[in-house]
Amino acid sequence: MRFPRTGELLACAIIDELEGSEGAVESLRSWMIDATRFPAEWISAVESTLAQAGKQARIAAWRA
């Protein structure tokens, strides 16, 4: 199963939330970590990507 540019999609959801769109991350996250759709490795990668991207986005927003 391949979903190109998934990282970009996750990052966009984080940016949307930082810009005021409440629930953007959780809406996407809940679909992306659904164990009936995706294997455990995928879910782990999504969670890790969201955590890292969220941290970087908050740092960047704070510096701006």
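Rules of the game
Residues numbered from 1 in each chain as written. Predicted model: local features only at pLDDT ≥ 70, side-chain atom pairs only at ≥ 80, totals over all residues. Heavy atoms only, no water. Patch = residues over 30% accessible without salt bridge, like charges linked within 9 Å, V, L, I, M, F, W, Y side chains within 5 Å. Areas by Shrake-Rupley, 256 points an atom, 1.4 Å probe, with all protein chains shown as cover. Salt bridge = Lys/Arg side-chain N within 4 Å of Asp/Glu carboxyl O. Lys, Arg positive; Asp, Glu negative; His and termini not counted. Charge placed at Lys NZ, Arg CZ, Asp CG, Glu CD. Helix = DSSP H or I, 4+ residues; strand = E, 2+ residues; numbered from the N terminus. Buried < 20%, exposed > 50% of the residue type's maximum accessible area, 1.4 Å probe, protein only.

Peer 1: Is there a simple way to explain a negative patch on the surface in this structure?
Peer 2: Taken together, the side chains of Asp16, Glu17, Glu19 and Glu22 define an acidic patch exposed on the protein surface. Inspection of the secondary structure puts Glu22 in the loop between helix H1 (6-18) and helix H2 (24-32). Under the relative-accessibility criterion, Glu22 is labelled exposed at 81%.

Peer 1: So what exactly am I meant to see when it comes to the pattern of salt bridges here?
Peer 2: Where side chains of opposite charge bring their charged atoms close, a pairing between them can arise. Taken as a whole, this structure holds four salt bridges when the rule is applied. As a salt-bridge pair, Glu8 and Arg5 come within 3.2 Å of each other at their nearest N and O atoms. Classification of Glu8 by relative accessible area gives partly exposed; the value is 44%. When its relative accessible area of 60% is taken as the criterion, Arg5 is described as exposed. It is possible to trace a salt-bridge network through shared partners that takes in Glu26, Arg29 and Glu47.

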